[in-house]
Amino acid sequence: MSVERMKIMGIIGKKMFLDKTLRLVVLNKSMHLINALARVNSTDFFLAPTERNIAALEEEAFLKPCSQKRDFNKDEEMVRLLQNLFNIKPEIKKEYLKQDYDYQQFMRQFEDIYQKVKHTADEITEKERLIANKKEYINNLKYLSAFPDLNMNRLISMQYLSFKLIRISRDNYDKLKKNYENIPAVILKIAVEGKQIIVASFVPQTLEETVEKIFSSLNYTTLAVPEKIEGNVAEIIEQLSQNIEEDLLEIENRKKSLENFREKYGKELQKGYSRLEMEKLIEEIKPEIAVGDNLFFLFGFVPTGDITQLKNELEQHFSDQLIILVDEAKQPGSGITPPTKLKNMRLFSPFESLVKMYGTPDYQEKDPTAFFAITYMILFGAMFGDVGQGLVLFIIGIFLEFTFKKGGMAGILSRIGFSSAIFGLFYGSVFGSEEIISPLVINPMANINNMLIISVIFGIILMLSGYIFNMINSSYEKNIEEGLLGRNGLVGLSFYLLLLFSAYQAFVAHQEVKTAYVFTLLALLVLMLFKVPISRKMLPGDNSSLIFSINDYIEEGFGVLETLLSMLSNTISFLRVGAFALNHVGLYIAFLTLSEMIKSSMGSWAILILGNIIILTLEALIVFIQALRLEYYELFTKYYRGTGIEYTPAKMNHNINL
């Protein structure tokens, strides 16, 4: 339940080994890459002047970013086409990435396979196009079936007349009939097809342009007929049908060839896809690498527990051909901030996603996930306490978590559902009803005032925890200003406790607040107001930073006022915990009243079931958001910075089949 410690690993080697090194780093999935030039120029980088490091020391001052970009468009086109032809699902296989290979040489061999397969695929496509044309010819020639002895070759090859088979709408055909005397052509109606008319036109070749101008207004479609084929209509249809059967047989043979190609080259295709995706990723991360004339410099943060494995893998593959550096991650003054990798037990890990929605913890900051998870489950359960509905949420979450491997929101759902069921036992609530079981602790509707008081007390406890959490984080950061004198530090905590005690004396015990308490509160406010110059004075040897302008005092003054108001509003805000617990029962009572108004027992049950569904979805969502609001605004603002960089190691984002 902490932020995992990091070390900086540096890898220096000949440029010819760069791609192979990056493949190994990506497959290891543990290195968070950082800019190599920034690392080399940082204050804490040191390369020992040994004989082995001479070449690296010579190039260190002349490094530049690795900006070379390769174009993978052609490779992607080949791989995608073969995947579609072979109907193979894209899948990255680690076994093909661990092999030692030259990508360019591999792709040249892959292109040979691609050309063989593409030639066969193009033949299939061409045959299918010809079949489509022949089927169209057959359909169009059927309009001439009333003239079975008509010689098509003679009809098409007439010397002085041009023949066309045309389809027009019935309305346009009527217009055509009305203008026969103005059209220098012979028009024959040969078929009717719904609202379309099929006509044959015979136009003198010298008047084709004139007739075309007339026909253009009729929105006609020319029906294609074969031009270079002998015989009458019936013979041509029979001949085309035979040709189609022959073409289909050839397509079947070509498809068998494709199936043979699939069996023969399927593994090569998976290998090509895997290696293509790897090379694309490598090109994306290369800008972080620095190169000289002969060497490359690569740096990244690696979790302490993964250092040994990565180092061993590099040494196993490269022997002594690489220089491997391992340094401590020193954030202050280094200019490079270590990334944050959260490490929580399985019970709390799903809540990391909600923590990261607010911000990633800083590397030097205490991970709040465990505290957030515990308090969030309590808040949700307290506001949505119901055995039946809680178990429904729990079962749905467990189902999603283990069936679909959804560990994020599904994991949260199962945990808050379990918390809801536990608080349901405390309240004696089962699907909204308080008559099925007796409450183990308290009945909300029968103890409204107590519920609200308990909510505020619980909120006070959480806020006090927030102050303590902030002081712990400040001690990690060695931040005296915030940890000791800040509004959320020791002074702020003291002010809040004394303010609560004074309010209790005045409004609950009805006693007069002592003057000493008032002066102490004012003194604490002054300490918060002057926290910057006081904290700087406490730091040894930092007298140059004592200058503090009037604008800074004004800003701190508004900050102190905001602190005073937020202490009151944040405390009162926890009343919503009790209010939502009461609201849950109230909603059920409303649906129960509606069900009792319906005379039909089936209708009554339908209303109760519908009411539970609405409560389970709508109210649960509202409570989820309200609990998150309390965490973010009442607690996180006190102790959580969230200014860190998330740990994102270089790795394949696709699912890798091992």
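Scroll up to find the structure.
Read on for a plain summary of the structure.

### Re the overall build of the chain
Right, on to step 1. Broken down by element type, the chain carries 23 helices and 14 strands.
Right, on to step 2. Buried residues in the chain amount to 46% of all 658 residues.
Right, on to step 3. The long-range share in the chain, meaning contacts at least 24 apart out of those at least 6 apart in sequence, stands at 80%.
Right, on to step 4. Split by element, the accessible area of the chain, about 34,900 Å² in all, is 58% carbon and sulfur.

### Things to note about the environment of Thr-375
Right, on to step 1. Tracing the backbone through its elements, the reader meets Thr-375 in helix α13 (residues 369–383).
Right, on to step 2. For Thr-375 and Phe-202, which are 173 residues apart along the polypeptide, the C-alpha to C-alpha distance reads 89 Å.
Right, on to step 3. For Thr-375, the residues in contact, after removing those within four places along its chain, are Leu-462 and Glu-631.
Right, on to step 4. Within polar-contact distance, the side chain of Thr-375 engages the backbone oxygen of Phe-371 at 2.8 Å.

### Brief notes about the pairing of strand β2 (residues 6–14)
Right, on to step 1. Taking burial as the measure, the nine residues of β2 include seven buried ones, the bulk of the element.
Right, on to step 2. When β2 meets strand β11 (residues 295–303), the two strands line up antiparallel, connected through nine bridges. Within β11, the position partnered with Met-6 by the bridge is Pro-303.
Right, on to step 3. Of the pairings in the sheet, the one linking β2 to strand β12 (residues 323–328) comprises six bridges and is antiparallel in character. Directly across from Met-9, in β12, lies its bridge partner Val-326.

### Looking at helix α14 (residues 387–403)
Right, on to step 1. Between its first and last C-alpha atoms α14 spans 24 Å; for 17 residues at 1.5 Å apiece the expected length is 24 Å, and the two agree.
Right, on to step 2. Turning to α14, its buried residues number three or more, namely Val-387, Gly-388, Gln-389, Gly-390, Leu-393, Gly-397 and Glu-401.
Right, on to step 3. On the buried face of α14, the contacting elements are α13, α15 (409–427), α22 (575–597) and α23 (601–639).
Right, on to step 4. The opening residue of α14, the one whose side-chain oxygen lies 3.0 Å from the backbone nitrogen of Gly-388, is Asp-386.

### A word on unusual backbone geometry
Right, on to step 1. The phi torsion at Asn-87 lies on the positive side, around 55 degrees, for a residue other than glycine.
Right, on to step 2. Following the sequence through the fold, Asn-87 ends up in the loop between α4 (73–86) and β5 (92–93).
Right, on to step 3. The backbone of Ser-319 sits at a positive phi, close to 55 degrees, despite the residue not being glycine.
Right, on to step 4. Residue position: Ser-319 is located in the loop between α11 (307–318) and β12.

### Considerations on a nonpolar patch on the surface
Right, on to step 1. There is a patch of nonpolar side chains on the surface, built from Leu-610, Ile-614, Leu-618 and Ile-622 and spanning about 320 Å² of accessible area.
Right, on to step 2. Note on placement: Ile-614 falls in helix α23.

### A closer look at the nonpolar core
Right, on to step 1. One finds Met-9, Ile-11, Met-31, Leu-141, Leu-165, Phe-296 and Leu-314 to be the most contacted residues of the largest nonpolar core, which totals 75 residues.
Right, on to step 2. Of the residues forming this core, the biggest block, 16 residues, is contributed by helix α10 (residues 233–285).
Right, on to step 3. Counting residues in hydrophobic clusters, the runner-up holds 61 residues, among them Phe-423, Met-451, Leu-608 and Val-623.

### As for the packing of helix α1 (residues 18–28) against α11
Right, on to step 1. The geometry of α1 relative to α11 is characterised by a closest axis approach of 11 Å and an angle of 150 degrees between their N-to-C directions. Both α1 and α11 take part in a crossing whose hand is right-handed. Listed contacts from α11 to Lys-20, Thr-21, Leu-24 and Asn-28 of α1 are Gln-309, Leu-310, Glu-313, Leu-314, His-317 and Phe-318.
Right, on to step 2. In terms of residue class, the contact of α1 with α11 is made up of four nonpolar, four polar and two charged.

### Describing the environment of Ala-132
Right, on to step 1. Position of Ala-132 among the secondary structure elements: in helix α6 (residues 103–141).
Right, on to step 2. Judged by relative accessible area, which is 44%, Ala-132 ranks as partly exposed.
Right, on to step 3. The spacing of Ala-132 and Lys-311 is 179 residues in sequence and 62 Å in space, taken between C-alpha atoms.

### Side note on the pattern of salt bridges
Right, on to step 1. Applying the stated rule across the entire model yields 26 salt bridges.
Right, on to step 2. For Arg-129, the salt bridge goes to Glu-126, with nearest N and O atoms at 2.5 Å. One end of the pair, Arg-129, and the other, Glu-126, are both in helix α6, three residues apart, so they sit about a helical turn from each other.
Right, on to step 3. In this structure Glu-126 comes out as partly exposed when scored by relative accessible area, which is 36%.
Right, on to step 4. Salt-bridge contacts for Asp-247 lead to Lys-134; the nearest nitrogen and oxygen are separated by 2.7 Å. Pair noted here: Asp-247 is in helix α10 and Lys-134 is in helix α6, with a separation of 113 residues, a long-range link. For the pair formed by Asp-247 and Lys-134, the shared burial category is buried.
Right, on to step 5. Because the salt bridges share partners, they merge into one network encompassing Asp-19, Arg-23, Arg-70, Glu-279, Glu-283 and Lys-286.

### Looking at the layout of surface pockets
Right, on to step 1. For the largest pocket, the calculated volume is near 570 Å³.
Right, on to step 2. Val-456, Ile-460, Leu-500, Ala-503 and Thr-571 are the residues nearest the centre of the largest pocket, which is lined by 16 residues in total.
Right, on to step 3. Those elements that place two or more of their residues in the lining of the largest pocket are α16 (448–477), α18 (490–507) and α21 (550–573).
Right, on to step 4. Broken down by element, the lining of the largest pocket gets its largest block of residues, six residues, from α18.

### So, the packing of aromatic side chains
Right, on to step 1. By the definition in use, this model includes 25 aromatic pairs.
Right, on to step 2. Relative to Phe-636, the ring of Phe-372 has its centre 5.6 Å away and its plane inclined at 40 degrees; by these criteria the two rings are tilted. Separated by 264 residues along the polypeptide, Phe-372 in helix α13 and Phe-636 in helix α23 bring together distant segments of the chain.
Right, on to step 3. Each ring, one from Phe-636 and one from Tyr-639, has its centre 5.6 Å from the other, and the planes form 90 degrees; the classification is edge-to-face. Separated by three residues within a single helix, Phe-636 and Tyr-639 lie in helix α23, roughly one turn from each other.
Right, on to step 4. Positioned above the aromatic ring of Tyr-363, the side-chain terminus of Arg-5 is 4.2 Å from the ring centre.
Right, on to step 5. The positively charged end of Arg-275 is found above the aromatic ring belonging to Tyr-101, 3.9 Å away from the centroid.

Parameters at a glance
Residues numbered from 1 in each chain as written. Predicted model: local features only at pLDDT ≥ 70, side-chain atom pairs only at ≥ 80, totals over all residues. Heavy atoms only, no water. Helix = DSSP H or I, 4+ residues; strand = E, 2+ residues; numbered from the N terminus. Buried < 20%, exposed > 50% of the residue type's maximum accessible area, 1.4 Å probe, protein only. Contact = heavy atoms within 4.5 Å. Areas by Shrake-Rupley, 256 points an atom, 1.4 Å probe, with all protein chains shown as cover. Polar contact = N/O pair within 3.5 Å; in protein donor to acceptor, adjacent residues only side chain to side chain. Pairing = 2+ DSSP bridges. Expected span 1.5 Å × (residues − 1). Patch = residues over 30% accessible without salt bridge, like charges linked within 9 Å, V, L, I, M, F, W, Y side chains within 5 Å. Salt bridge = Lys/Arg side-chain N within 4 Å of Asp/Glu carboxyl O. Core = buried A, V, L, I, M, F, W, Y, C linked by side-chain atoms within 4.5 Å. Axes fitted to C-alpha atoms, helices over the stretch in contact; angles between N-to-C directions. Left-handed = near helix turned anticlockwise from the far one by under 90°. Nonpolar A, V, L, I, M, F, W, Y, C, P; charged D, E, K, R; others polar. 1 Å grid on protein atoms, 1.4 Å probe; cavity = no way out; pocket = protein on both sides within 12 Å on 5 of 7 lines; lining within 4 Å. Points joined across faces, edges and corners; volume = space filled by probe spheres on them. Phe/Tyr/Trp six-rings, centres within 6.5 Å; stacked < 30°, edge-to-face > 60°. Lys NZ or Arg CZ within 6 Å of the ring centre and 35° of its normal.

Just geometry here; none of it tells us what the structure is for.
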